[in-house]
Amino acid sequence: MDIIDTIKEQIANNTILLYMKGSPNAPQCGFSAKASQAVMGCGEKFAYVDILQNPEIRANLPKYANWPTFPQLWVAGELVGGSDIMLEMFEKGELQTLIKDAAAKAKASEA
């Protein structure tokens, strides 16, 4: 499987997915720290991929997503955006709604 297929599979298999530098509990850059805090603040479980441990993903995801920077938040297969967008949405309450709705839909489809 090539790296683009791997990325597509990760996005398809995880309702809430954060591509970041480091992990939510040990972020490796300020933007990833703020982004993971915002996502954790929404109160739903989410998956993450540490792009520092996955250089192929780090190199290819920006081309696939047409988004040049990290972190990147994907919800229900759609790119939400980077750190600034996530924080702005969180402050307005939009990120919480988006993530909670996506998580609820995912749980309903599993039932």
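Residues numbered from 1 in each chain as written. Predicted model: local features only at pLDDT ≥ 70, side-chain atom pairs only at ≥ 80, totals over all residues. Heavy atoms only, no water.

The UniProt record marks Cys29 with the feature "binding site: [2Fe-2S] cluster" (unreviewed entry), using the residue numbering of this structure. With respect to the secondary-structure elements, Cys29 resides in the loop between β3 (26-27) and α2 (30-40). (UniProt positions renumbered as here; feature names shortened; annotations may be inferred. Helix = DSSP H or I, 4+ residues; strand = E, 2+ residues; numbered from the N terminus.)

Quick look at the state of the cysteines now. This structure, assessed with the given rule, holds zero disulfides. Of all cysteine sulfurs, the one in Cys42 lies closest to Cys29, which takes part in no disulfide; the gap is 18 Å. (Disulfide = S-S within 2.5 Å.)

Strand order in the open sheet formed by four strands is β4-β1-β5-β6, and the pairing between neighbours is mixed. Either end of the sheet is taken by a strand with one partner, and the two such strands are β4 (47-50) and β6 (78-81). Along the sheet, successive strands turn relative to each other by an average axial angle of 25°, direction set aside. For strand β1 (residues 16-20) and β4, the ladder comprises four bridges, and the chain directions are parallel. (Pairing = 2+ DSSP bridges. Axes fitted to C-alpha atoms, helices over the stretch in contact; angles between N-to-C directions.)

Within this structure, the stated rule accounts for three salt bridges. Taking the shortest distance from any N to any O, the salt bridge between Glu44 and Lys107 comes out at 3.2 Å. With Glu44 in the loop between α2 and β4 and Lys107 in helix α5 (residues 94-110), this pair connects stretches of sequence that are 63 residues apart. For Glu88, the salt bridge identified is with Lys92, shortest N-O distance 3.6 Å. In this pair, Glu88 and Lys92 are both assigned in helix α4 (residues 83-92), four residues apart and thus about one turn of the helix distant. (Salt bridge = Lys/Arg side-chain N within 4 Å of Asp/Glu carboxyl O.)

A cluster of acidic side chains, namely Asp2, Asp5, Glu9 and Glu56, defines a negative patch on the protein surface. Locating Asp2 in the fold gives a position in the segment before α1 (3-13). (Patch = residues over 30% accessible without salt bridge, like charges linked within 9 Å, V, L, I, M, F, W, Y side chains within 5 Å. Areas by Shrake-Rupley, 256 points an atom, 1.4 Å probe, with all protein chains shown as cover. Lys, Arg positive; Asp, Glu negative; His and termini not counted. Charge placed at Lys NZ, Arg CZ, Asp CG, Glu CD.)

This next bit is on α2. Among all positions in α2, only Ser32, Ala35, Ser36, Ala38 and Val39 are buried. Taken end-on, α2 shows its buried residues confined to a sector of 155°, consistent with a single buried face. Looking at the buried side of α2, the elements it contacts are β1, β3, β5 (72-75), α4 and α5. (Buried < 20%, exposed > 50% of the residue type's maximum accessible area, 1.4 Å probe, protein only. Arc of directions from axis to C-beta. Contact = heavy atoms within 4.5 Å.)

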